[in-house]
Amino acid sequence: MNEKIVQYIIRFLLGEDISGSITATIGYTADRTLFPRYNIVIIPSGFFAPSQYGHPSSLPLLPLQEIEGVPLLFGSPQTETVGATLVIHADIIASTYFLISRYEEMICRKVRDTHGRFPGKESLPYRAGFIHRPIVDEYRLLLRRWLQQTNLNVPEVKKKIQKVYLTHDVDAPFLYRSWKGFIRSLQRGNSLKKALQYKFGPVTNDPFYTFPLFWEIDNFLQQKRGSKHCQSIYFFKAGGKGKPDKPHYQLQDKDIQQLLQQTIKNKAVIGLHSSYQAGINPLFIAKEKEKLEKAIHQKITFNRHHFLANREPEDMLQLEANGITDDFTMGYADVAGFRLGTSYPVQWINPVNRRLSPLRLHPLLIMDCSLEEPKYMHLTQQEAEKYSLGLIEEVQKVGGEISLLWHNNVLADTEKDYQQVLYTTLIHKLASL
């Protein structure tokens, strides 16, 4: 196993608030002659052995065992004391690696939906019943308790949400501003005068132009939590020619330019919304990023894939190669929860060659349409609120971060849709924590 990755996972589980010297007190070995060097030894399960790694036989079998109430992917719940060393047979190193590296998605290449995505409902966390729990972060709590048992002075995890990302994918900025939109307006029963007003009048009249509401709500939370602990990000498309990338808006369009400038004025960050086409062929990312940078005269370092369609784990290579430092794609479209098993940002690990990258992956906790759409979770307003607040509570317990995704167009029909009420409810909940 790559020693660099083992050390990274140990540091990740320990957390940034613990001194680096503590890392040296934890060993990952089955060599009993080395046990006296460490306060804690975690016994490798064999997951990383050449005969296992990369083979279907390496996938965990259901039902999973548990250690202190936490699902365990590899190893056994046994613990013992050897001399002064606490020996843990629960392989939380391999279990963490499995989840944060998307190892399962590499093994199960043929398990994809119609958009080429690995479905959340096919994932181990969903099938094992813990998609709503950040069990990697729960390993973090376990590890601290074990260290305390060896008389090390290790602080408890602070039960507070470290940071909130309020993110918005600008898939369809306007409904009626184009000529196609003008025809659509007439077809929906609007008068010629009304359709002309939508097409040529103030952009704020357009039903999809709900951005001022987002600016108001998001700024409220930023003021409550402080800009250091709450950031607003808008992801704009800059390419894509296929049907899934419609509507194809132009960054130099007057309305789009106005929207970009107003977004920046409201102290939000602009990120790249890599197209559906770029999800199929990641080589398109470079050109799209360049176009967006030219449009706003700023360097782009944040990305999220359209449709959350980052299809294969190694597709991240093109993000890294083109100067993207932070990706916000890592959520499932069909179910809200913890795709990477954690609420903390992680460095991307390529499971194919076990390489640790500087690219940071920010887990996406909740996307609006995941909760509501019939082909996804199909929750009522009451059910969506209860489930979402439960996820937020889980993050608070482990001291992690939250990333929410709400689209501007979902707020357009407030009479039939609960998304505006739900989003406002979640923001006020986060303001109170």
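First, a word on what this report is: a plain description of the structure on this page. (Residues numbered from 1 in each chain as written. Predicted model: local features only at pLDDT ≥ 70, side-chain atom pairs only at ≥ 80, totals over all residues. Heavy atoms only, no water.)

## Here's the deal with the environment of isoleucine 264
1) Next: Counting through the fold element by element, isoleucine 264 comes out in helix 9 (residues 254-265).
2) Next: On the basis of relative accessibility, which here comes to 25%, the residue isoleucine 264 falls in the partly exposed class.
3) Next: Separated by 32 residues in the primary sequence, isoleucine 264 and isoleucine 296 have C-alpha atoms spaced 9.1 Å apart.
4) Next: Setting aside its immediate chain neighbours within four residues, isoleucine 264 contacts Ile270, Ile296 and Gln298. (Helix = DSSP H or I, 4+ residues; strand = E, 2+ residues; numbered from the N terminus. Buried < 20%, exposed > 50% of the residue type's maximum accessible area, 1.4 Å probe, protein only. Contact = heavy atoms within 4.5 Å.)

## Focus on the nonpolar core
1) Next: By size, the foremost hydrophobic cluster in this structure holds 116 residues, and its most contacted members are Leu73, Leu371 and Trp406.
2) Next: The element contributing the most residues to this core is helix 1 (residues 3-14), with eight residues.
3) Next: Not counting residues up to four positions away in its chain, the partners in contact with leucine 73 are Pro60, Leu64, Ser95, Phe98, Leu99, Leu124, Phe130, Ile135 and Tyr139.
4) Next: The next biggest cluster of nonpolar side chains, apart from the first, holds seven residues, and it includes Ala333, Met367, Cys369 and Leu405. (Core = buried A, V, L, I, M, F, W, Y, C linked by side-chain atoms within 4.5 Å.)

## Considering the side chain of serine 275
1) Next: Residue placement: serine 275 occurs in the loop between strand 9 (269-274) and helix 10 (276-280).
2) Next: Residue classification places serine 275 among the buried positions, given a relative accessible area of 1%.
3) Next: There is a polar contact of 2.6 Å between the side chain of serine 275 and the side chain of glutamate 288. (Polar contact = N/O pair within 3.5 Å; in protein donor to acceptor, adjacent residues only side chain to side chain.)

## Describing the sheet that holds strand 10 (residues 302-305)
1) Next: Spatially, the nine strands line up as an open sheet ordered 12-13-11-10-9-8-7-15-14, and their pairing is mixed. Since the sheet does not close on itself, it has two edges, and those belong to strand 12 (346-350) and strand 14 (366-367), each with one partner.
2) Next: Direction of pairing for strand 9 relative to strand 10: parallel, over a ladder of three bridges. Paired with leucine 272 across the two strands is asparagine 303, which belongs to strand 10. (Pairing = 2+ DSSP bridges.)

## A short note on the packing of helix 8 (residues 211-225) against helix 15 (residues 419-432)
Angle between the axes and distance between the axes: these two values describe a pair of packed helices.
1) Next: Orientation of helix 8 relative to helix 15, taken along the N-to-C sense of each, is 10 degrees, at an axis distance of 9 Å. Here helix 8 lies roughly parallel to helix 15, going by the angle between them. The interaxial crossing formed by helix 8 with helix 15 has left-handed handedness. Residues Leu213, Phe214, Ile217, Asp218, Phe220, Leu221, Lys224 and Arg225 of helix 8 form the contact with helix 15, whose own contacting residues are Gln420, Tyr423, Thr424, Ile427, His428, Leu430 and Ala431.
2) Next: Looking at the contact of helix 8 with helix 15 residue by residue, the class counts come to nine nonpolar, three polar and three charged. (Axes fitted to C-alpha atoms, helices over the stretch in contact; angles between N-to-C directions. Parallel < 35°, antiparallel > 145°, perpendicular 65-115°, else oblique. Left-handed = near helix turned anticlockwise from the far one by under 90°. Nonpolar A, V, L, I, M, F, W, Y, C, P; charged D, E, K, R; others polar.)

## Considerations on the side chain of aspartate 171
1) Next: By the element assignment, aspartate 171 lies in the loop between strand 7 (163-170) and helix 6 (179-187).
2) Next: In this structure, aspartate 171 is buried with no salt-bridge partner, the nearest side chain bearing the opposite charge being lysine 237 at 5.4 Å.
3) Next: Only 2.8 Å separates the side chain of aspartate 171 from the side chain of histidine 273, close enough to count as a polar contact.
4) Next: Within the local environment of aspartate 171, its side chain forms a polar contact with the side chain of histidine 306, the two groups lying 3.4 Å apart.
5) Next: Apart from residues no more than four positions distant in its own chain, aspartate 171 is found in contact with Lys237, Pro247, Tyr249, His273, His306 and His407. (Lys, Arg positive; Asp, Glu negative; His and termini not counted. Salt bridge = Lys/Arg side-chain N within 4 Å of Asp/Glu carboxyl O.)

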